[in-house]
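# Structural overview
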Amino acid sequence: MRHLVRRSLLLSVLMSPPLLHAQTQLVKGTVKDAETQMPLFGVNIVLMGSDPFLGTTSDLDGRYRLEGVPVGRQALQVSYVGYKQLVLDNILVTAGKEVVVDIALQASVENLGEVVVTGERSKDRPANELAKASARTFSLEEVTRYSGGRNDVARLATNFAGVTAANDARNDIVVRGNSPTGLLWRVEGLPVGTTNHFSTLGTTGGPVSALNTNLLRTSDFITSAFPAEYGNANAAVFDVKFRNGNADKHEFTAQMAAFSGAELMAEGPLNREKQSSYLVSGRYGIAGAAATGTSAIPYYQDLAFKLNFGRTKLGRFELFGMGGSSSIDFIGAEIDSTDLFANPNEDSYFTNQLGLVGLNHFLQLDDRSYLRTTIGSTYLRTTFDQDNYTDGASDQPVVRYRATEVEDREQRYTVSSQYNRKVSPRFLFRAGVVNEVYQIRSIVNDRDNRPDIPDLDGDGVPDYFIPVRDTDGRMDLLQIYTQGEYKFTDALAFTLGLHGQYLDYNDDAMVGPRAALSWQFRPKQRFTLAYGLHGQMVPLPILLFNEEVAAGEFERTNMDLRFQKSHHLVLAYDRRLADDWRVKAETYYQHLFDLPVERLPSSYSAVNEGADFVFTERGSLVNEGTGRNYGVELTIEKFLSRGYYLLTTASLFNSTYKGSDGVERNTGFNNGYVFNTLVGKEWPVGRNGRNVITFDTKFTTSGGRPYSPIDLEATRANGGREVYVDEEAFSLRYDPYLRLDVKMGMRINSGKGRVSHQFFVDLQNVTDRQNIFVMRYNPVTDRINPVYQNGFFPDFMYRIQF
């Protein structure tokens, strides 16, 4: 009988697939109170669906370690007495890298100490608990998962409701019909003008992102009525966070991609006892491999790092930074008339350097409050030189001459400090200050296609330059905010805040209230109502523009422009249909006012600027323009489970403005509708299913962008500098935009050693759709011709982690 029992037990072990025989990895992290940042002791962390059961608890420092987690997609259930239960989905476990999952739990205000309150899944809430409406989290895994993203966090945002991309050649983010200049980039709490290679002064986008997605941790994207701590923004907020390196083990990543280039990354412990770590990565763009919309060869490289110094007697310190450089030369004889960025009759040379460095300090004052302070500096420098050729008419030789000289340099020095206190289980208070000192040098001299500049000696070269910008000085932007949240119950919460900002350059100030009410009236359904008054500086190229007020006399006639302002009102309904299905609907109204327009009646408004490398040259502007955006958005999402996911977003909206002529017109970003569908499937293969074949696809369509007709005869008479028909501004539309991307790949977890591989091919615009980029005057054909966006382009990526 004993032998029979032993044989039965042995047979059951051999026939079952226990975790001991599967390839596994370590999942670890810390658990903290979301509002006080205090570590939580004794929290239960369970691997969902594990058989046999696999779980652990957090220690006195809030740290936990979950050994033996099988590779693949996993989910954690986190519970603690007096806190809302949390489920963390789609944790990708690979053989080559330990998984760090830091957890923030929301305290319950009902029956404290008696029951565990059932709460939401991790995707139901942003990292910033005070962002109640129009907020979405995103992670590194999402950036690399979706098709067509080019490892660019900005392009990831175009998958979300209410967001469109101005064009394929740049990653400008258009949110609910607003200009891309209305976007606030914030990296580790530090406001940043842009995070892109080949960027220019005043813009927020560019052709290639310098933000390395491999350094990201879960971050927030907020599209309206954002909390009071976010200022100097009218459209949206990208609140980006860098993750810490592995504090226990040295790990390495090597990656090659057509668009983001070749990359090496290293991370590991500085001091295991203090849990300090380093994380550093460098990338080099693969010249000519990327679909950038030009035959000229772009060069770009960047470096990013984060040093976490762990626990000290003075608190926790983190040093972070990123920097990049890019350049491209457009040689007229080597390009054609269909180039997205260049003219075949000119030679031009572009360089760009950007960087940021900052120090974060976190000090736990007591078990209810903390102080978080960031000091840092950001840097942006752009140069552009253009050489033109005379036409060689009559007996004159062809002469090459300098037509444009640009040097823009923006250095910001920032101090930001935030005090946070949990006054009671129901009331959270937060206040802070952000001070940015701008040191600006902007020199723009131009004589390109300016018929008003004489050529007295008849050599075909204009006699002098126009000083479009000539600034070397500083300005100070001060922001102060306070906000609080009161929880009536676990299902009903109200937030109220106030944000003030002051610009010393023109002695302008404003105060904007923020408020939100969130009501979870059923366990899986929630209504949210949010409001905010937001304001933003006028883009620097407009503020610093030199206007000729008399012959040879130039002044900065826009320097007194006040903050552009916008009222945001949002009503949202969120319903969880099942554990992995979600439906969200939002309707919104935005009233824009104090927009810069011309004194004399015209169609011009600064609301249409920001989706190009340069700004329109207009002086003597006044804050008398208005605009409005309104629409409805729907999101249907199945989070990745059972091997597949679905994300469908639809947006119907209208975006209009009034210039000084009082006529209501389409803005340049009023596409009218946007529709996205993303579908993905994963098939486990190999022994114990440790390897995965992936398939992802994305279909996008949107209404055509409005544009203004060009007056051909007036353009010819203006030396080729385009003249638009003012009274017909934005009266025409390009054809609807349409694009289909298909992505196929594989993840391989090596059976020998801790090594994982990932490979994909992303076939972008597989139908080779000819979407129009712009209609412009072509000096070669002497006609108004369309220029098309990128056609079919195969992107690829290979990554190895060990």
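Report on the accompanying structure.

Our focus in this paragraph is the nonpolar core. Of all hydrophobic cores here, the largest spans 37 residues; its most connected members are F138, I173, W185, F221 and F238. Core analysis: the second largest hydrophobic core is formed by 24 residues, I45, V71, L76 and Y83 among them.

In this section: the pairing of strand 29 (residues 508-522). The pairing of strand 28 (residues 492-503) with strand 29 spans twelve bridges and is classified as antiparallel. In the sheet register, G500 faces strand 29, and the bridge partner there is V511. Here strand 28 hands over to strand 29 after four residues, with D507 in that stretch at a positive phi of 60 degrees. Relative to strand 30 (residues 525-536), strand 29 is paired through seven bridges, and the arrangement is antiparallel. For L517, the partnering residue across the bridge sits in strand 30 and is L529. Turn length for the strand 29-strand 30 hairpin, with the two strands adjacent in sequence and antiparallel, is two residues.

Below, the discussion takes up the pattern of salt bridges. All chains considered together, the criterion is met by 59 salt bridges. Notably, a salt bridge pairs E586 with K584, separated by 3.4 Å at the nearest N-O pair. Assigned by exposure class, E586 and K584 land together as buried. Salt-bridge contacts for R716 lead to D782; the nearest nitrogen and oxygen are separated by 3.1 Å. Of this pair, R716 sits in helix 5 (residues 712-717) while D782 sits in the loop between strand 44 (772-778) and strand 45 (783-788); the two residues are 66 residues apart in sequence, bridging distant segments of the chain.

With that settled, the discussion passes to the pairing of strand 9 (residues 135-138). Within a regular beta strand, the side chains point alternately toward one face of the sheet and then the other, so they alternate between its two faces. Burial along strand 9 is two-sided: A135 and T137 facing one way and R136 and F138 facing the other are all buried. Across four bridges, strand 9 lies against strand 16 (residues 216-222) in antiparallel orientation. Residue pairing across strands places A135 opposite I222, the latter belonging to strand 16.

A cis amide bond links D51 with the next residue in sequence, P52, at an omega value of 10 degrees. By the element assignment, P52 lies in the loop between strand 2 (44-47) and strand 3 (55-57). Backbone geometry places N151, a non-glycine residue, at a positive phi of 55 degrees. Summarising the element assignment, N151 is placed in the loop between helix 2 (140-145) and helix 3 (153-157). Residue class for N151 comes out buried when judged on its relative accessible area of 7%. A positive phi angle is found at R642, which is not glycine, with a value near 50 degrees. Residue placement: R642 occurs in the loop between strand 35 (621-641) and strand 36 (644-658). Judged by its relative accessible area of 61%, R642 falls in the exposed class.

What follows is about the packing of aromatic side chains. Counted according to the given criterion, the structure contains 17 aromatic pairs. Between the aromatic rings of Y486 and F488, the centroid separation amounts to 5.0 Å while the plane-to-plane angle is 75 degrees, which identifies the pairing as edge-to-face. Among the residues examined, Y486 registers a relative accessible area of 34% and is labelled partly exposed. The exposure class assigned to F488 is partly exposed, which follows from its relative accessible area of 41%. Between F527 and Y573, the ring centres sit 5.2 Å apart and the planes meet at 45 degrees, which makes this aromatic pair tilted. Within this pair, whereas F527 is found in strand 30, its partner Y573 is found in strand 33 (residues 564-578), the two being separated by 46 residues in sequence.

Criteria and thresholds
Within every chain, residues take consecutive numbers counted from 1 along the sequence as written. Local features in this predicted model are restricted to residues whose pLDDT is 70 or higher, and side-chain atom pairs enter the listing and the counts only when it is 80 or higher, whereas totals over whole chains, interfaces and linings include all residues. Computation of side-chain values: all heavy atoms of the structure, hydrogens and water removed. By nonpolar core is meant a set of buried Ala, Val, Leu, Ile, Met, Phe, Trp, Tyr and Cys residues that side-chain atoms within 4.5 Å join together. Partly exposed describes any residue whose relative accessible area lies between the buried limit of under 20% and the exposed limit of over 50%, with all areas from a 1.4 Å probe on protein chains only and scaled to the type maximum. Strand pairing follows a simple DSSP-based rule, namely that at least 2 bridges must link the two strands. Helix and strand assignments follow DSSP, with helices taken as H or I runs no shorter than four residues and strands as E runs no shorter than two, numbered in order from the N terminus. By salt bridge we mean one thing: a side-chain nitrogen of Lys or Arg within 4 Å of a carboxyl oxygen of Asp or Glu. Each pair of aromatic rings taken from Phe, Tyr and Trp, with Trp reduced to its six-membered ring, is defined by centres within 6.5 Å and is described as stacked if the planes are under 30 degrees apart, edge-to-face if over 60, and tilted in the remaining cases.

Shape descriptors only; they carry no functional weight alone.
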